[in-house]
Amino acid sequence: MSRPGHDELIQGEIDGVNAASDSARLRVLLASRPDLDGRFRSLARVSETLGGAERLEPPPELLDGVMWAVRGCRPKAQARPGWQEALRALLTPAPLAACACTLLIGVVLGGLLPSDTGLFSRKERAALSGTALSPGRLDAASTLDRRSIALEGITGEAVTRIEGGLLVLDLELEATRRVDVNLDLDGTGLSPRSFSQDGPPGGDVVMAVGQVRFSHLAGRRRYNVSFSLGDPAGRALRLRLGVGEALDLSIGRERPR
Amino acid sequence: MLYLSQDENDADLVRRCLQGDAEAFRPLVARYQRVLYNVAYRMVHDREDARDLAQGAFVKAYEKLGTYDPAYQFFSWIYRILVNDTLNFLKRNRPYQSLEPNWDVAAPSGPRDDLEARERNRAVRDALMALPVDSREVVVLRHFAELSYGEMSVALAIPEKTVKSRLYTARQRLAEILDARGAR
């Protein structure tokens, strides 16, 4: 094994990882080389200064926020196998037999089905071939609430979901006129983190403690607003469009009323 | 209520999470939240961003628990997630500018010692933020997460030799910055 150089010896001593023999060697070296001794002392002081710097206590909502978010999802049970493992697994007798049976059933069913596909609607064909998924199954596991919006002159959809430890609101609006959008955060424990929209910028956006306000101009736009998770929530996220009735969107941790 | 022993090791807790027991993740978060939060804070110097980054790293780790290889230590793995997210965050956001007056250092509770501690903390913070990101991350992981060279190598996905040379250069640079500020 090669002997460590001067810099490595100095750093090893500062980090407390030098063997006794290396420490002894360094002591001899420092005694005979004032330049190295100066370097050692300088770096040791840096280490000491960093060691004395304050350590912050994490905010209490960090743990609660993580636990709230993980309750809504499930970890993947195991890693996806590499292509070689996947191929090897496929070539074992049971999967091979299953593939053969599936193929046979497909051929038989294909022969039995009417050749004129016009007899079936697209939806029916999808259902027959097993590719029709209900909207519920298509929903991401992290979705907390999904509401359709149908007010006078305003249509759209609002979805609340969890992403990367944040609560995200996806809002799609189509309106025949300008609409003031107000998100009331009081009592939700949420604080606004980011706002984005597709298309050209609309009206002013106000992100403040307790609320997010913006104007939706006539036409169709998608908005994405994210929020940090603060204190445990008491109520849902309240969305108000213009002077219309408020829509309460679940954020997954409201207290039961 | 489920009782979770402090001695229960990380691998056991991960296994229970994978079996569907989400509450088993709580002691893992409790165990590492302080150090992850401090690492994130020292990288981005903003308490809210640090909280979001630490929170995001835990949630991402939970979602990807199935890909965790128990041959490695859990904390090296989660640091890697945090470091990657933090680097992406730093790429997306504006460079750090020191705030005066200092809002972020703890308020003094006594006279002179506290003032000195505040000054020292401010100097450390500014010196760290003056380092290039790849130098800052090794210093932060070494001094605020107390990772060994090997653990840093896993967390940063770089050879141990690179860890050592980066750390040495970063400390030299820090010494220059702190000396220039008269902070030592």
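Since the model is a prediction, treat every value here as computed from it, not as a measurement.

**Things to note about the overall build of chain B**
Then, in step 1: Broken down by element type, chain B carries eight helices and zero strands.
Then, in step 2: Taking all 184 residues of chain B together, 51% fall into the buried category.
Then, in step 3: Within chain B, contacts between residues separated by at least 24 positions form 59% of all contacts whose residues are at least 6 apart in sequence.

**So, the sheet that holds strand 6 (residues 205–208) of chain A**
Note on sheets: strands pair through backbone hydrogen bonds, and any given pair is parallel or antiparallel.
Residue and element names in this part refer to chain A.
Then, in step 1: If you trace the five strands from one edge of the open sheet to the other, you get 6-7-4-9-10, paired in antiparallel fashion. Edge positions in the sheet fall to strand 6 and strand 10 (247–249), since each has one partner strand and no second. Strand-to-strand, the axes of this sheet are offset by a mean angle of 15°, without reference to chain direction.
Then, in step 2: Of the strand pairs in this sheet, strand 6 and strand 7 (residues 211–216) are connected by four bridges, and their pairing is antiparallel. When the sheet's bridge partners are listed, M207 is paired in strand 7 with V212.

**What to know about a nonpolar patch on the surface**
All names here are of chain A.
Then, in step 1: A cluster of nonpolar side chains, contributed by L104, I105, V108, L109 and L112, occupies part of the molecular surface with about 530 Å² of accessible area.
Then, in step 2: You can see L112 is positioned in helix 6 (residues 93–112).
Then, in step 3: Residue classification places L112 among the exposed residues on the basis of a relative accessible area of 67%.

**Overview of the pairing of strand 1 (residues 143–151) of chain A**
Then, in step 1: In this structure, strand 1 of chain A lies alongside strand 2 (residues 154–163) of chain A, joined through eight bridges in antiparallel fashion. In the strand pairing of strand 2 of chain A, R147 of chain A is matched with A158 of chain A.

**Let's talk about the interface of chain A and chain B**
Then, in step 1: Listed per partner, the contact involves 47 residues of chain A and 51 residues of chain B.
Then, in step 2: The largest contributions to the chain A side of the interface with chain B come from L50, E54 and L56 of chain A, which together make up 15% of the buried area.
Then, in step 3: There are nine salt bridges connecting chain A and chain B.
Then, in step 4: Where E57 of chain A meets R34 of chain B, a salt bridge forms, and the shortest distance between an N and an O atom there is 2.8 Å.
Then, in step 5: For the side of chain A that touches chain B, the secondary-structure elements that each account for two or more residues are helix 1 (6–14), helix 3 (34–52), helix 4 (61–71) and strand 8 (219–229) of chain A.
Then, in step 6: Sorting elements by how many residues they give to the side of chain A that touches chain B places helix 4 of chain A first, with 10 residues.
Then, in step 7: Counted by class, the side of chain A that touches chain B contains 22 nonpolar, 11 polar and 14 charged residues.

**A closer look at the pattern of salt bridges**
Residue and element names in this part refer to chain B.
Then, in step 1: For the coordinates displayed, the defined rule picks out 30 salt bridges over all chains.
Then, in step 2: The salt bridge involving D85 is made with K60; its shortest N-O contact spans 2.9 Å. Taken as a pair, D85 in helix 4 (residues 74–92) and K60 in helix 3 (residues 47–63) lie far apart in primary sequence, 25 residues in all.

**A word on the confidence of the model for chain B**
All names here are of chain B.
Then, in step 1: Looking at chain B as a whole, its pLDDT mean stands at 84, while 84% of the residues score no less than 70.
Then, in step 2: The low-confidence segment residues 1–7 (pLDDT under 50) makes eight contacts with residues lying over four places distant or belonging to another chain.
Then, in step 3: Every residue in residues 99–108 is under pLDDT 50, and counting partners more than four places away or in other chains gives 19 contacts.

**As for the environment of L53 of chain B**
All names here are of chain B.
Then, in step 1: Of note, L53 is situated in helix 3.
Then, in step 2: Residue L53 is classed as buried on the basis of its relative accessible area, which comes to 10%.
Then, in step 3: For the pair L53 and Y37, spaced 16 residues apart in sequence, the C-alpha separation works out to 7.9 Å.
Then, in step 4: Excluding residues within four positions of it along the chain, L53 makes contact with A40, V44, L82, D85, T86 and F89.

**With respect to the nonpolar core**
Then, in step 1: Counting residues in hydrophobic clusters, the biggest one holds 97 residues, and the most contacted among them are L171, F227 and L237 of chain A together with F25, L36 and F74 of chain B.
Then, in step 2: Among the elements that line this core, the one with the most residues is helix 2 (residues 25–44) of chain B, at 12 residues.
Then, in step 3: Residues within four places of F227 of chain A in sequence aside, it is in contact with L166, L167, L169, L183, L185, L190, S191, P192, R193, V212 and L237 of chain A.
Then, in step 4: One finds L9, I10, L29 and F40 of chain A within the second-largest nonpolar core, a separate group that totals 10 residues.

Criteria and cut-off values
Residues numbered from 1 in each chain as written. Chains lettered and ligands numbered in written order. Predicted model: local features only at pLDDT ≥ 70, side-chain atom pairs only at ≥ 80, totals over all residues. Heavy atoms only, no water. Helix = DSSP H or I, 4+ residues; strand = E, 2+ residues; numbered from the N terminus. Buried < 20%, exposed > 50% of the residue type's maximum accessible area, 1.4 Å probe, protein only. Contact = heavy atoms within 4.5 Å. Pairing = 2+ DSSP bridges. Axes fitted to C-alpha atoms, helices over the stretch in contact; angles between N-to-C directions. Patch = residues over 30% accessible without salt bridge, like charges linked within 9 Å, V, L, I, M, F, W, Y side chains within 5 Å. Areas by Shrake-Rupley, 256 points an atom, 1.4 Å probe, with all protein chains shown as cover. Salt bridge = Lys/Arg side-chain N within 4 Å of Asp/Glu carboxyl O. Buried area = accessible area lost by both parts, 1.4 Å probe. Nonpolar A, V, L, I, M, F, W, Y, C, P; charged D, E, K, R; others polar. pLDDT = per-residue confidence, 0-100. Core = buried A, V, L, I, M, F, W, Y, C linked by side-chain atoms within 4.5 Å.

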